[in-house]
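Remarks on the overall topology
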Amino acid sequence: MGKSSKDKRDIYYRLAKENGYRARSAFKLLQINEHFNIFKDVRNVVDLCAAPGSWSQVLSQQLIKEGDQHPPKIIAVDLQAMAPLPGVIQYQGDITKTSTAEKIISHFQGGLADLVVCDGAPDVTGLHDMDEYIQAQLLLAALNITTHILRTGGTFVAKIFRGKDITLLYAQLKLFFKTVTCSKPRSSRNSSVEAFIVCQDYSPPEGYVPSMVNPMMDLSYSMHLLLTILTLKDEANPLVGPNRMIVPFIACGDLEGFDSDMTYPLPVSPLFYFEADLFRFSPMALNINH
Ligand code: SAM
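Figured I'd write up the structure that's included with this text. (Residues numbered from 1 in each chain as written. Predicted model: local features only at pLDDT ≥ 70, side-chain atom pairs only at ≥ 80, totals over all residues. Heavy atoms only, no water.)

Regarding the overall build of the protein chain
For the protein chain, the count of helices and strands is 10 helices and 7 strands. Burial analysis of the protein chain (290 residues in total) assigns 39% to the buried set. Roughly 17900 Å² of accessible area belongs to the protein chain as shown, and the carbon and sulfur atoms make up 59% of that amount. (Helix = DSSP H or I, 4+ residues; strand = E, 2+ residues; numbered from the N terminus. Buried < 20%, exposed > 50% of the residue type's maximum accessible area, 1.4 Å probe, protein only. Areas by Shrake-Rupley, 256 points an atom, 1.4 Å probe, with all protein chains shown as cover.)

Quick word on the site of the ligand
Around the ligand, a shell composed of 18 residues is seen, among which Gly-53, Ser-54, Asp-78, Asp-94 and Asp-119 lie nearest. Within the side chain of Ser-54, a nitrogen or oxygen atom sits 2.5 Å from an oxygen atom of the ligand. Taking Asp-78, its side chain carries an N or O atom lying 2.6 Å from an oxygen atom of the ligand. Considering the ligand on its own, with 610 Å² of exposed area, one finds that the protein chains cover 86% of that surface. Spatially, the ligand is embedded in the largest pocket. The class makeup of the residues in the shell around the ligand is 9 nonpolar, 6 polar and 3 charged. (Near = heavy atom within 4 Å. Polar contact = N/O pair within 3.5 Å; in protein donor to acceptor, adjacent residues only side chain to side chain. 1 Å grid on protein atoms, 1.4 Å probe; cavity = no way out; pocket = protein on both sides within 12 Å on 5 of 7 lines; lining within 4 Å. Sits in = over half its atoms within 2 Å of the grid points. Nonpolar A, V, L, I, M, F, W, Y, C, P; charged D, E, K, R; others polar.)

A look at the sheet that holds strand β2 (residues 73-78)
Across the sheet, which stays open at both edges, the 7 strands sit in the order β3-β2-β1-β4-β5-β7-β6 with mixed pairing between neighbours. Each end of this open sheet is capped by a strand with a single partner; those strands are β3 (88-92) and β6 (177-183). Ignoring strand direction, the axes of neighbouring strands in this sheet form an average angle of 15°. Each of β1 (44-48), β4 (113-118), β5 (150-161), β6 and β7 (194-202) touches helix α6 (residues 128-149); the most contacted strand, β5, lies at about 170° to it. (Pairing = 2+ DSSP bridges. Axes fitted to C-alpha atoms, helices over the stretch in contact; angles between N-to-C directions. Contact = heavy atoms within 4.5 Å.)

Description of the environment of Val-180
You can see Val-180 is positioned in strand β6. C-alpha separation for the pair Val-180 and Cys-199, spaced 19 residues apart in sequence, amounts to 4.4 Å. When sequence neighbours within four positions are dropped, the list of residues in contact with Val-180 reads Tyr-170, Leu-173, Lys-174, Ile-197, Val-198 and Cys-199.

Digging into the pattern of salt bridges
Within the structure shown, the criterion is met by 8 salt bridges. When the shortest N-O distance is used, the salt bridge between Lys-159 and Asp-119 registers 2.9 Å. Highlighted residues: Lys-159 in strand β5 and Asp-119 in the loop between β4 and α6, separated in sequence by 40 residues. Comparing Lys-159 with Asp-119 shows no difference in burial state: the two are buried. The partner of Lys-159 in a salt bridge is Glu-194, with the nearest N and O atoms 2.9 Å apart. Residue Lys-159 is located in strand β5, and its partner Glu-194 is located in strand β7; the two are separated by 35 residues in the primary sequence. Residues participating in the shared-partner salt-bridge network are Lys-28, Asp-119, Lys-159 and Glu-194. (Salt bridge = Lys/Arg side-chain N within 4 Å of Asp/Glu carboxyl O.)

What to know about the side chain of Gln-31
Residue position: Gln-31 is located in helix α3 (residues 26-36). Relative accessible area serves as the criterion here: at 17%, Gln-31 is assigned to the buried category. Here Tyr-12 takes part through its side chain, which lies 3.1 Å from a polar atom of the side chain of Gln-31. Setting aside anything within four residues of it in sequence, one finds Gln-31 in contact with Tyr-12, Pro-185, Arg-186 and Ser-187.

Some details on the pairing of β4
Judged by how many residues are buried, β4 sits mostly within the fold: 6 of 6 residues are covered. As paired elements, β1 and β4 share 4 bridges and run parallel to each other. Directly across from Asp-47, in β4, lies its bridge partner Val-117. Across 5 bridges, β4 lies against β5 in parallel orientation.

Limitation: the analysis is restricted to geometry and does not speak to function.
Right under this line is the structure:
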């Protein structure tokens with residue numbers, strides 16, 4: 001049975017049509033809010049990867065009250081163009097670019113976002129490991145841009161694929177948020193690995209400076225090192241403090257033992273040749289019973 005006929009049978013698909021939502025995903029955001037109350041006191045909100053716009057529709061309906069002189073600001077960003085929506089400022093751009101972060105902030109008149117949501121998904125290849133990896137990269141890109149635009153104490157909600165590396169993603173998110181919860185709205189199909197992380201109380205590590213370089217990969221450090229070597233200048237590393245993630249490097253093994261970079265003569269003990277001969281005729285060497 002084709003995907004489209006399955007979609008048409010789906011209750012949320014039909015409800016979306018009935019309620020004028022551009023996609024059934026609208027219910028995912030509504031159900032996340034039912035549980036976590038993420039819309040409470042929100043004045044500035046950003047919808048990352050927003051097209052065709054059902055999450056922006058929900059935000060507009062839930063946050064903008066009739067006759068409000070100063071309605072909350074809703075900014076929607078996507079690579080693709082979106083049909084206009086009441087009260088939603090739209091920007092066609094890439095969430096991995098600094099210029100996009102700057103564009104978003106320019107709308108908040110010196111303020112920052114209270115809530116950032118991201119339902120981003122790359123084009124699915126059908127290769128599970130690949131799709132999971134790309135989704136994780138998009139989530140990290142969303143986290144990156146969020147560190148530029150979210151106020152301390154704010155909330156970040158994003159789509160995640162529950163794959164084998166999910167604990168690593170949780171650990172990375174936990175560096176920036178006090179509470180990280182994985183939630184699966186009823187409207188998200190059980191057969192799908194999709195879930196949503198709800199990250200509350202944004203509190204970046206002390207001294208953290210937002211950077212569009214993936215905060216977990218520290219790529220600019222290698223670039224800086226290369227430039228330092230080429231120009232023979234011994235400048236200080238621009239990534240310092242919590243921006244520079246370094247894991248402990250531990251050498252193990254007996255420091256008096258063999259060094260793998262050195263060349264040593266073979267041991268000459270007669271016992272060694274006797275043992276080597278025994279090994280030659282052992283079942284393991286002859287590959288018997290294995
Ligand atoms: N939440 C949307 C809604 O309710 O209508 C649906 C979002 S759709 C599942 C995923 C979107 O992610 C696509 O429109 C795609 O263009 C967008 N996207 C993927 N990578 C992006 C990127 N790097 N920057 C901006 N948008 C991106």
